[in-house]
Protein chains: 2
Amino acid sequence: MDIIKLSSRQERIIELVKDHAPITSEQLANKLNVTRAALRPDLAILTMTGILEAKPKVGYIYSKKPSYSLIYDHIMNIKVKDIMSKPVMLDENTTVYDAIVYLFLNDVGTLFIENNGILTGAVSRKDFLKIAIGSSDMHKIPVGIIMTRMPNIVFVEKEDAAYLAAQKIMEHEVDSLPVVEKSCDELNNEILKIIGKVSKTNITRLFVKIGENK
Amino acid sequence: MDIIKLSSRQERIIELVKDHAPITSEQLANKLNVTRAALRPDLAILTMTGILEAKPKVGYIYSKKPSYSLIYDHIMNIKVKDIMSKPVMLDENTTVYDAIVYLFLNDVGTLFIENNGILTGAVSRKDFLKIAIGSSDMHKIPVGIIMTRMPNIVFVEKEDAAYLAAQKIMEHEVDSLPVVEKSCDELNNEILKIIGKVSKTNITRLFVKIGENK
């Protein structure tokens, strides 16, 4: 058996409540030509799921808030690895000018900077624009000078909830987070390898996708 | 009556199914020390909402996909006016340099350009960066020259679904949409007044908020 959908009678009840709210179970039973007793299981399910609200002595109204626990549960099951995209990376010795050209070529908002595959920094369109309106020579300054450097970069791991990525993006006011894989070097220092990125674009795409799954 | 939450017995059933899936209703009844008949309404609600799946001759399993129609319905009820933020606007005669400074002062990614309150254009961080690495004098060029001009701007209205805004952002690959109010001038031409904006940031914030309402 697959996921059970609402029955056509339940769908019909929802329509009636939308059109006539508040409406009592007696009025609903009349409109549907059934007994109140016959409607009871349907109404139980519809209020239980939060689709309808039962107001005592008033009747049923259509609730715009379904049971949040369902949505919450669903959202928490989506992982970073399900929505991440390929990071665009550069070496920190690249000049600012070349980095900007690379940003346009790849049509991204943030470049991640690496040194032998290890994440060392990140630089955004905003960082570049700040330099570009200054008096520095973009052809001479390496991107390593203007980037945000580790350990000041917020990141996520691929098994984290996509939701956590969205929270970190909002909390730290960044456009994009690197997705990293942690390991240790020979001196037992933690090193971070970059394997992906999650941006506001990925979150917006996810939001569109959740709505599509009607 | 507020939104009805799952009962503690229903929560307990979910936990048991998560731990022991697949599990039959008889096994569940044993573990909970109740009769199978007593469990029937709870199991009906839990499968109805898509939290559990009932596999014939196998038992109940935990479904990671709740009934999408609930999520869909909820998402479609959130309107642009519920999530929009204040637009940052400038006159099209402002120089590119001053516009960039204004962008930083207001900490936004897109400026909307107006003429007597009427939306005429939009210019993004990306547009500015493109000019900044060129050889033009940013102190001389007015922002009106580099902006995307109406009617090439995708917009939404305040009663539209926030979901539509997210779709348009993804489809047209923009960071931000103006929210407009339509009216007519004395010659009966449609004019658009800008009253807000919806960006990927607003959508990401909304996503975080949906998840918070546990």
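Worth saying up front: this structure is predicted, and the values here are computed from it rather than measured.

A word on the overall build of chain A. Scanning chain A from terminus to terminus reveals 10 helices and nine strands. Computed over its C-alpha atoms, the radius of gyration of chain A comes to 26 Å, more than 25% above the 17 Å expected for a compact globule of 214 residues. Taken over the C-alpha atoms alone, chain A extends approximately 80 × 45 × 30 Å along its principal axes. Looking at chain A residue by residue over its 214 residues, the buried ones come to 37%. Contacts spanning at least 24 positions in sequence make up 58% of the contacts within chain A whose residues lie at least 6 apart.

With that settled, the discussion passes to unusual backbone geometry. Residues and elements named next belong to chain B. Backbone torsion omega between alanine 21 and proline 22 reads -10°, so that peptide bond is classified as cis. Along the polypeptide, proline 22 turns up in the loop between α1 (8-20) and α2 (25-32). Across the junction of methionine 150 and proline 151, the peptide omega takes the value 5°, indicating a cis bond. Along the chain, proline 151 falls in the loop between β6 (148-149) and β7 (156-157). A positive phi is found at asparagine 33, a non-glycine position, where the angle reads about 60°.

Attention shifts here to the nonpolar core. Within the largest apolar cluster, 80 residues are counted, with the highest numbers of intra-cluster contacts made by A:Phe128 and B:Phe128. Residues in contact with B:Phe128, not counting those within four places in the same chain, are A:Leu129, B:Val96, B:Ile100, B:Leu103 and B:Val123. Of all hydrophobic cores here, the second largest spans 21 residues; its members include A:Ile23, A:Met48, B:Ile51 and B:Leu52.

What follows is about the UniProt feature "domain: CBS" (unreviewed entry) in chain A. The residues that UniProt annotates with the feature "domain: CBS" (unreviewed entry) are residues 83-138 and 147-214 of chain A. Helix makes up 36% of residues 83-138 of chain A and strand 29%, and the two end C-alpha atoms of the span are 34 Å apart.

Residues and elements named next belong to chain A. Tracing the backbone through its elements, the reader meets valine 156 in strand β7 (residues 156-157). C-alpha separation for the pair valine 156 and threonine 110, spaced 46 residues apart in sequence, amounts to 16 Å. With sequence-adjacent residues up to four places away left out, valine 156 is seen in contact with Val80, Leu164, Ala165, Lys168, Leu177, Val179 and Val198.

Our focus in this paragraph is helix α10 (residues 200-212) of chain A. Side chains of residues three or four places apart in an α-helix project in the same direction, reflecting 3.6 residues per turn. With 13 residues, α10(A) extends 18 Å between its outermost C-alpha atoms, agreeing within 8% with the 18 Å of an ideal straight helix rising 1.5 Å per residue. The set of residues buried in α10(A) consists of A:Lys200, A:Thr201, A:Asn202, A:Ile203, A:Thr204, A:Leu206, A:Phe207, A:Ile210 and A:Gly211.

Spanning 13 residues, helix α3 (residues 36-48) of chain A covers 18 Å between terminal C-alpha atoms, matching the ideal 18 Å at 1.5 Å per step. Bending of α3(A) peaks at approximately 30° at the position of A:Asp42. Among the residues of α3(A), those classed as buried are A:Asp42, A:Ile45, A:Leu46 and A:Met48. If you follow the buried residues of α3(A), they end up packed against α1 (8-20) and β1 (52-55) of chain A together with α3 (36-48) of chain B. Looking one or two residues past α3(A), A:Gly50 carries a phi angle of roughly 85°, positive in sign.

We now examine the packing of α1(A) against α3(A). All names here are of chain A. It is at 10 Å that the axes of α1 and α3 come closest, and there the two elements cross at 65°. As the angle between them shows, α1 and α3 are arranged roughly perpendicular. α3 is crossed by α1, and the crossing has right-handed handedness. Residues Arg9, Gln10, Ile13 and Ile14 of α1 lie in contact with α3, whose contacting residues are Asp42, Ile45 and Leu46. Here the residues of the contact of α1 with α3 sort into four nonpolar, one polar and two charged.

Right, let's talk about the packing of helix α6 (residues 96-106) of chain B against helix α7 (residues 125-132) of chain B for a bit. If you want to describe how two helices pack, look at the angle between their axes and the distance between the axes. All names here are of chain B. At a closest axis distance of 11 Å, the pairing of α6 and α7 adopts a crossing angle of 135°. Regarding the angle of α6 to α7, the classification is oblique. For the crossing formed where α6 meets α7, the hand is left-handed. Of the residues in α7, those touching α6 at Val96, Ile100 and Leu103 are Arg125, Phe128 and Ile131. Residue composition of the contact of α6 with α7, grouped by class: five nonpolar, no polar and one charged.

This brings us to the environment of B:Ile23. Following the sequence through the fold, B:Ile23 ends up in the loop between α1 and α2. Each residue touching B:Ile23, except ones within four places of it in the same chain, is listed here: B:Leu16, B:Val17, B:Leu28, B:Gly59 and B:Tyr60.

Bringing the pairing of strand β4 (residues 110-115) of chain A into the picture now. The side chains of a regular strand alternate between the sheet's two faces. Residues and elements named next belong to chain A. Relative to β4, strand β3 (residues 89-91) is paired through three bridges, and the arrangement is parallel. Looking at the pairing, leucine 90 lines up with isoleucine 113 of β4. The sheet contact formed by β4 and strand β5 (residues 118-124) spans six bridges and is antiparallel. If you follow leucine 111 over to β5, its bridge partner there is valine 123. Linking β4 back to β5 in an antiparallel pair, the connection comprises two residues, with asparagine 116 at a positive phi of about 50°.

We now examine the pairing of strand β5 (residues 118-124) of chain B. Note that β5(B) and β6(B) share two bridges and pair antiparallel. Along β6(B), the bridge assignment pairs B:Gly121 with B:Arg149.

Reading the values: rules and limits
Residues numbered from 1 in each chain as written. Chains lettered and ligands numbered in written order. Predicted model: local features only at pLDDT ≥ 70, side-chain atom pairs only at ≥ 80, totals over all residues. Helix = DSSP H or I, 4+ residues; strand = E, 2+ residues; numbered from the N terminus. Rg over C-alpha atoms; globule rule 2.2 N^0.38 Å. Buried ≥ 20, exposed ≤ 12 C-beta atoms within 10 Å, placed from the backbone. Contact = placed C-beta atoms within 7 Å. Core = buried A, V, L, I, M, F, W, Y, C linked by C-beta atoms within 7 Å. UniProt positions renumbered as here; feature names shortened; annotations may be inferred. Expected span 1.5 Å × (residues − 1). Bend = angle between axes of the 7 residues up to and from the residue. Axes fitted to C-alpha atoms, helices over the stretch in contact; angles between N-to-C directions. Parallel < 35°, antiparallel > 145°, perpendicular 65-115°, else oblique. Left-handed = near helix turned anticlockwise from the far one by under 90°. Nonpolar A, V, L, I, M, F, W, Y, C, P; charged D, E, K, R; others polar. Pairing = 2+ DSSP bridges.

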